Amino acid sequence: MTDPVGDLLNLLDIERLELDLFRGQSPDERASQRVFGGQVIAQSLVAAYRTVPEDRLCHSLHAYFIRPGDPKVPIIYQVDHARDGGSFTTRRVVAVQHGKQIFNMAASFQTNEDSWEHQHDMPDVPGPEGLKSLRERRVEIVDALPQAMRDEFTRERDIEIREVEPLDLLRPEPSSDRHHVWFRVSRPVNVSPALHHCLLAYASDMNLLSSCYRPHGITWLQHNKLMSASLDHAMWLHGPIQFDEWHLYSMDSPFAGKGRGFNRGQIFNQSGQLVASVAQEGLVRRLQPKP
């Protein structure tokens with residue numbers, strides 16, 4: 001029996017080669033030509049966490065995707081101790097393949113502090129109960145896809161996703177850039193608060209870039225219409241995260257142009273607490289029809 005969540009936890013259990021040097025692997029995904037961006041974010045954050053005192057949790061990270069990752073070879077993560085302060089710790093992580101940087105990230109960690117508090121309210125949207133899962137929606141249309149895509153398209157996933165305002169994947173119509181997704185790790189996990197951060201960082205790269213597709217009536221399945229890739233990724237972690245419970249990802253895209261789309265997200269737990277904020281710019285290049 002498959003266990004996608006166990007596979008994900010193994011993926012994040014990167015190997016320590018030296019004090020500040022780590023090696024990560026990629027899953028065996030024959031359909032993928034490049035490494036999923038959320039994997040590199042999460043593995044980089046794991047590498048950084050392993051060099052930080054246990055009483056400090058990540059409160060922000062800022063990352064750039066520089067080159068596509070090659071899923072056939074390991075990724076080497078080099079951690080630089082930028083600063084160790086009284087309450088803040090800063091790390092810089094560089095991911096390398098084939099002797100070149102494919103990704104770099106700066107992350108900051110902080111001891112727990114009391115302070116003034118406020119937050120925006122969670123959007124009033126239907127809860128996850130009664131919504132179709134992404135896998136259920138994919139199974140409904142799988143017969144319209146080439147045979148070679150079907151197994152990968154409908155396989156069990158490590159992250160369960162339920163969209164509140166889903167588009168028709170095959171025949172999308174222009175829609176609002178604002179949309180909402182419920183997501184969580186697909187089964188309960190007993191892991192540290194730091195690893196829950198890493199799991200959320202992994203999933204935060206899902207669905208966000210599609211915000212800037214929606215007003216133009218396109219989806220990622222329309223390979224003949226667009227070329228897309230994440231260019232950078234920023235994340236701020238505001239509160240405790242238990243990512244095997246439902247969280248609402250509320251996303252929008254204030255701007256797209258010049259071959260790029262800018263996307264934002266707020267992540268709330270089911271009690272309405274804002275636990276993270278995300279921003280990302282992505283490549284969204286229109287492809288010209290072949291003559």
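Above: the structure in question.
Everything in this summary refers to the structure shown in the same document. (Residues numbered from 1 in each chain as written. Predicted model: local features only at pLDDT ≥ 70, side-chain atom pairs only at ≥ 80, totals over all residues. Heavy atoms only, no water.)

**Notes on the nonpolar core**
And then number 1: Formed by 57 residues in total, the largest nonpolar core has its most connected members in Leu45, Phe103, Ile159, Phe183, Leu200 and Phe243.
And then number 2: Contacts of Phe103, omitting those with residues within four sequence positions, involve Val40, Ile41, Ser44, Ala63, Tyr64, Phe65, Ile66, Val93, Val94 and Ala95. (Core = buried A, V, L, I, M, F, W, Y, C linked by side-chain atoms within 4.5 Å. Buried < 20%, exposed > 50% of the residue type's maximum accessible area, 1.4 Å probe, protein only. Contact = heavy atoms within 4.5 Å.)

**A word on the pairing of strand β2 (residues 21–24)**
And then number 1: Only one face of β2 is buried, namely the one carrying Phe22 and Gly24, since none of Leu21 and Arg23 on the opposite face is buried.
And then number 2: The sheet contact formed by strand β1 (residues 15–18) and β2 spans three bridges and is antiparallel. Among the inter-strand pairings, Arg16 is bridged to a residue of β2, identified as Phe22.
And then number 3: Hairpin connection, β1 to β2: the antiparallel pair is bridged by two residues.
And then number 4: Two elements, β2 and strand β4 (residues 75–84), share four bridges in a ladder whose sense is antiparallel. (Helix = DSSP H or I, 4+ residues; strand = E, 2+ residues; numbered from the N terminus. Pairing = 2+ DSSP bridges.)

**Re the pattern of salt bridges**
And then number 1: Summed over the entire model, instances satisfying the criterion amount to 14 salt bridges.
And then number 2: Here Arg178 and Asp252 are joined by a salt bridge, their closest N and O atoms 3.5 Å apart. Of this pair, Arg178 sits in the loop between β7 (159–163) and β8 (179–185) while Asp252 sits in strand β10 (residues 247–257); the two residues are 74 residues apart in sequence, bridging distant segments of the chain.
And then number 3: We note a salt bridge from Arg260 to Glu281, for which the minimum N-O separation is 2.8 Å. Taken together, the residues span a long stretch of sequence, with Arg260 in strand β11 (residues 260–269) and Glu281 in strand β12 (residues 274–286) at a distance of 21 residues.
And then number 4: A relative accessible area of 30% means that Arg260 is categorised as partly exposed. (Salt bridge = Lys/Arg side-chain N within 4 Å of Asp/Glu carboxyl O.)

**Focus on the sheet that holds β4**
And then number 1: Reading across the sheet, the 12 strands line up as β1-β2-β4-β5-β6-β3-β9-β12-β11-β10-β8-β7 and stay open at both edges, with antiparallel pairing between neighbours. Two strands bound the open sheet, and with one partner strand each, they are β1 and β7. Neighbour to neighbour, the strand axes of the sheet diverge by 25° on average, direction disregarded.
And then number 2: Where helix α2 (residues 37–49) meets the sheet, its contacts fall on β2, β3 (57–65), β4, β5 (88–97), β6 (100–110) and β9 (226–237), and the angle it forms with β4 comes to roughly 50°. (Axes fitted to C-alpha atoms, helices over the stretch in contact; angles between N-to-C directions.)

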